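Residues per chain, in single letters:
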Amino acid sequence: MYAKILEFVPLHCKILRDVTTGSSDTVREAGTSSIFAPGNPAAFHQKYNTSMDFLCKFEKLCGSKASVKRLREHPSYHTFIHKWSLPVYFQIRFQDIAGQLETALCTGLNTVTGHLYVRNSGGSRYRCSVDMPWIHDLYQDEIVNKKSPEVKPNPVNEDNPSEGQQHNDGPTVSIIFADILKPRLCALGVDNVDSLLDNIRESNDQIKSELPQFQSYIVQDVCSKCAVHLKQVNDIPRLYRRTNREVPSKPSQYIQNVCKPLTNLLEDRGSVLSESVKNGLLQDIFSSLAEQYYSSTSDVLTSVKKMEESLKRLKKGRGTDKSAGSQGFTDDDKIRQQVMIDIENYGQQITNYGVDPAVLEHYQKLLQLSNEAKSAMTTSN
């Protein structure tokens, strides 16, 4: 429709071309209400670009700047411009971008479908990439005051952005600024364009300052999932007291499962973590788990010791107390033996992840607790 109008006007509408009276409608709106609907943002964007390109070329048919001014002041012109719901369009686009980020933040470390993600590159630089072909044309000149029709850019095909705008992981903020925003802002005569880049860099620095807190969140999230298994250390006394079970010789099931959430994290995200960041996270996670493990194990062994002393006093009062060397493994000894095996296995798992247990203060406390449990056993093993 637009092409036919542009062909018709130069040949048959000389008076309209002059646009000296402003009495003729410059845009046909009848039967075109559907093109203004922003519900489908991709279609809306294409129609908007096409319409603005038509309007720009139509303005060039005017004989003077005064004619262009009268055209832009005509009620039909304003009606046509205001029919385009740009705020709604940008709101939909914003939801497309920010919605994925918000979902990622709300779901913790779970995998989120979509193309927007935050990753680590080289251990110190985090990048947020948006792999959406329409991102190159998200910018619209109408968000900046239009100065002249000559600077109106031609529409860009959303499905085929230029090679200069491509990046292995999608367009980054710097590429969007250098290849899209800066050229258009400069063409519009906007001053201090580089100050916008300074603002972007300042925002980037603010994001980097939050990285330690973000890493702390990762540690807390993983530890909370691992700690669920550590709570089962409280079940060890129930397994051996008055059950006539054999002397334990292998780790408990809970200690073998305690690191599964950490394994899942490394399988899903390990490829984008540098060795330094990965080692830092592992040390913090194992140290925090060792602290919780120490607290739970200490409570169990303290309870066992109190129970053992109480039974000794009871047996002594009844005159049934026996010497320690003739009893073999008591129930309390079996509990201590299981605790010792589990602590040793936890240390082995730490080593398997490439972390030296000797640098973990709380694990050293666990080893001390294990030695105390061994010393308290009534039978040497």
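Residues numbered from 1 in each chain as written. Predicted model: local features only at pLDDT ≥ 70, side-chain atom pairs only at ≥ 80, totals over all residues. Heavy atoms only, no water.

The chain appears in an unreviewed UniProt entry as COG2 from Mytilus edulis.

A. Main features of the pattern of salt bridges. Counted under the stated rule, the structure contains 8 salt bridges. The residue Arg93 makes a salt bridge to Asp96 at a minimum N-O spacing of 4.0 Å. With Arg93 and Asp96 both in helix H6 (residues 86-106) and 3 residues apart, this pair spans about one turn of that helix. Among the residues examined, Asp96 registers a relative accessible area of 30% and is labelled partly exposed. Linking Arg336 and Glu308 is a salt bridge whose minimum nitrogen-to-oxygen distance equals 2.8 Å. Placement of the pair is Arg336 in helix H14 (residues 331-352) and Glu308 in helix H13 (residues 275-318), with a sequence separation of 28 residues. Look at Arg336 and you get buried, because its relative accessible area is 3%. Where salt bridges share partners, they join Glu308, Asp333 and Arg336 into one cluster. (Salt bridge = Lys/Arg side-chain N within 4 Å of Asp/Glu carboxyl O. Helix = DSSP H or I, 4+ residues; strand = E, 2+ residues; numbered from the N terminus. Buried < 20%, exposed > 50% of the residue type's maximum accessible area, 1.4 Å probe, protein only.)

B. Geometry of unusual backbone geometry. With a phi close to 60°, Arg242 is a non-glycine residue in the positive phi region. Tracing the sequence through the fold places Arg242 in the loop between helix H10 (236-240) and helix H11 (253-257). The residue Asn244 is not glycine, and still its phi comes out positive at about 60°. Topologically, Asn244 is positioned in the loop between H10 and H11. A relative accessible area of 72% places Asn244 in the exposed class.

C. Spotlight on the packing of helix H4 (residues 65-73) against helix H5 (residues 75-82). One way to put it is that H4 packs onto H5 with a least axis distance of 5 Å and a crossing angle of 60°. Between H4 and H5, the crossing angle belongs to the class labelled oblique. Contacts from Leu71, Arg72 and Glu73 in H4 reach Pro75, Tyr77 and His78 in H5. Here the residues of the contact of H4 with H5 are counted per class, giving 3 nonpolar, 1 polar and 2 charged. (Axes fitted to C-alpha atoms, helices over the stretch in contact; angles between N-to-C directions. Parallel < 35°, antiparallel > 145°, perpendicular 65-115°, else oblique. Contact = heavy atoms within 4.5 Å. Nonpolar A, V, L, I, M, F, W, Y, C, P; charged D, E, K, R; others polar.)

D. A look at the nonpolar core. The biggest cluster of nonpolar side chains holds 40 residues, and the ones touching the most others in it are Phe286, Tyr293, Tyr346 and Tyr363. Of all the elements in the fold, those that place two or more residues in this core are helix H9 (211-230), H10, H11, helix H12 (260-269), H13, H14 and helix H15 (361-376). Sorting elements by how many residues they give to this core places H13 first, with 11 residues. Those residues in contact with Tyr293 that lie beyond four places of it in its chain are Leu230, Val233, Tyr254, Ile255, Val339, Asp342, Ile343, Tyr346 and Leu366. Membership of the second largest hydrophobic core comes to 17 residues, among which are Met52, Cys62, Val68 and Tyr77. (Core = buried A, V, L, I, M, F, W, Y, C linked by side-chain atoms within 4.5 Å.)

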